[in-house]
Amino acid sequence: MPSFSTGAADRYLQLAPTVRAALVEGRPLVALESTVIAHGLPYPTNVETALAMEEAIREVGAVPATIAIRAGRIVVGLDRAALEELATAQDVLKVSRRDLAFALASQRLGATTVSGTMLCAHLAGIRFFATGGIGGVHRGGESSLDISADLMELSRTPVLVVCAGAKAILDLPRTLEYLETQGVPVLGWQTDEFPAFYTPRSGLRVQQRVDDERQIAAIARAHWACGLAGLLVCAPVPAEAALPSEQVETAIASALAEAEARGIHGAALTPFLLRQVAEITRGASIEANRALLVNNARLAARLARAYVAAAGQ
Ligand code: PSU
Ligand code: MN
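Keep in mind the model is a prediction, meaning the values are calculated, not measured.

## Notes on the overall build of the protein chain
Helix and strand counts for the protein chain come out as 13 helices and 11 strands. Its C-alpha atoms give the protein chain a radius of gyration of 18 Å, near enough to 20 Å, the size a compact globule of 313 residues would have. Referenced to the eigenvectors of the C-alpha coordinate spread, the extents of the protein chain come out at roughly 55 × 40 × 35 Å. Buried positions account for 54% of the 313 residues belonging to the protein chain. Once local pairs closer than 6 in sequence are excluded, the contacts in the protein chain between residues at least 24 apart make up 73%. Here the protein chain displays about 13,300 Å² of accessible surface, and carbon together with sulfur accounts for 52% of that area. Taking the average place of the 28 positive charges on the side chains of the protein chain and the average place of its 31 negative ones, the gap between the two points comes to 5 Å.

Below you can see the structure in the form of structure tokens.
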């Protein structure tokens, strides 16, 4: 039986021919999310970035699989037209774990978050995934309990996620504490520090620095062999695209104040904060976001390639 067969979920999966072929042949695959396209970046930067991420993955010799929900199916490997539709449509659902069944049953167009994409990648048999910044514990999360479903997903679904840390709009120390509690390895790619999304440094240490992709492939193999779930690999935003940290902190402070004043919370909060920060930094945050997304896609492809190469030894 092909490795992507997942029994009852099969009827909901729609694999692109390139993805199906890569799964059958055991070639490296990298899943990509779609919330960043529909809710994280403005048009047309969102489509351009999505295509640039796919291209970066192909350049390394891996196969990209951008994931979204469409017409009652989990589409794994969006084509150009579907990408455009997601990037421009209004009322795209933001699909995390809890939203998946509703999105499928209602035939709505849905963009998958980190948690939704991990889940769908796993159903399809894909183990490597690149995003920008994962969700985490929101500032004030100790009373609001606004903790992204991304963190729980990492503790239960066996997919390796490459990110540039957690988004700087969050409470980073509590996010790391939560990941530790949930048993999620947090590896720093050629860094000792947990990156802060728009900036390379947070002053917080990762669990373990790793400098070589073969070492990460070996860690992932051991983790999964022991029946464990997600892993986080954190790569700092490329230096030339990083924002000055004072600028980021000022922008976030006023974005948070604006969200509070307008009573924005729940699933709408992260997209709102990202838009506000983009406005305040006059687009500089969007450039940083684009650069780190492409960088993460490339790294995820290298890791997937190293994992597949080691399997044949
Ligand atoms: N990375 C980005 N931009 C984004 C996201 C990640 O560079 O918009 C999305 C991811 O889909 C992530 C979501 O899962 O933000 C977090 O949303 P929340 O905080 O509501 O869980
Ligand atoms: Mn939330």
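## Here's the deal with the site of ligand 1
As a matter of local geometry, ligand 1 sits amid 19 residues, with Glu-33, Lys-94, Ser-148, Asp-150 and Thr-270 nearest to it. Ser-148 places a polar side-chain atom, nitrogen or oxygen, 2.6 Å from an oxygen atom of ligand 1. Burial of ligand 1 by the protein chains amounts to 94% of its free accessible area of 480 Å². Counting atoms within 2 Å of the grid points, the majority share of ligand 1 lands in the largest pocket. Take the shell around ligand 1: its biggest share by element is 3 residues, from helix 2 (residues 35–40). Partitioning the shell around ligand 1 into residue classes produces 4 nonpolar, 11 polar and 4 charged.

## Describing the pairing of strand 11 (residues 231–234)
One face of the sheet, then the other: side chains in a regular strand alternate in exactly this way. Of the two faces of strand 11, the one holding Leu-231 and Val-233 and the one holding Leu-232 and Cys-234 are both buried throughout. Pairing between strand 8 (residues 160–163) and strand 11: 4 bridges, direction parallel. Among the inter-strand pairings, Cys-163 is bridged to a residue of strand 11, identified as Cys-234. Strand direction decides the pairing type here: strand 9 (residues 186–189) and strand 11, joined by 3 bridges, are parallel. Considered in strand 11, the bridge of Val-186 is made with Leu-232.

## What to know about the environment of Leu-32
Relative to the assigned elements, Leu-32 resides in strand 2 (residues 29–32). Residue classification places Leu-32 among the buried residues on the basis of a relative accessible area of 2%. The sequence separation of Leu-32 and Leu-293 amounts to 261 residues, and the corresponding C-alpha distance is 9.9 Å. Beyond its immediate stretch of four places on either side in the chain, Leu-32 contacts Met-53, Glu-54, Ile-57, Pro-64, Ala-65, Thr-66, Ile-67, Thr-117, Phe-129 and Ala-130.

Parameters at a glance
Residues numbered from 1 in each chain as written. Chains lettered and ligands numbered in written order. Predicted model: local features only at pLDDT ≥ 70, side-chain atom pairs only at ≥ 80, totals over all residues. Heavy atoms only, no water. Helix = DSSP H or I, 4+ residues; strand = E, 2+ residues; numbered from the N terminus. Rg over C-alpha atoms; globule rule 2.2 N^0.38 Å. Buried < 20%, exposed > 50% of the residue type's maximum accessible area, 1.4 Å probe, protein only. Contact = heavy atoms within 4.5 Å. Areas by Shrake-Rupley, 256 points an atom, 1.4 Å probe, with all protein chains shown as cover. Lys, Arg positive; Asp, Glu negative; His and termini not counted. Charge placed at Lys NZ, Arg CZ, Asp CG, Glu CD. Near = heavy atom within 4 Å. Polar contact = N/O pair within 3.5 Å; in protein donor to acceptor, adjacent residues only side chain to side chain. 1 Å grid on protein atoms, 1.4 Å probe; cavity = no way out; pocket = protein on both sides within 12 Å on 5 of 7 lines; lining within 4 Å. Sits in = over half its atoms within 2 Å of the grid points. Nonpolar A, V, L, I, M, F, W, Y, C, P; charged D, E, K, R; others polar. Pairing = 2+ DSSP bridges.

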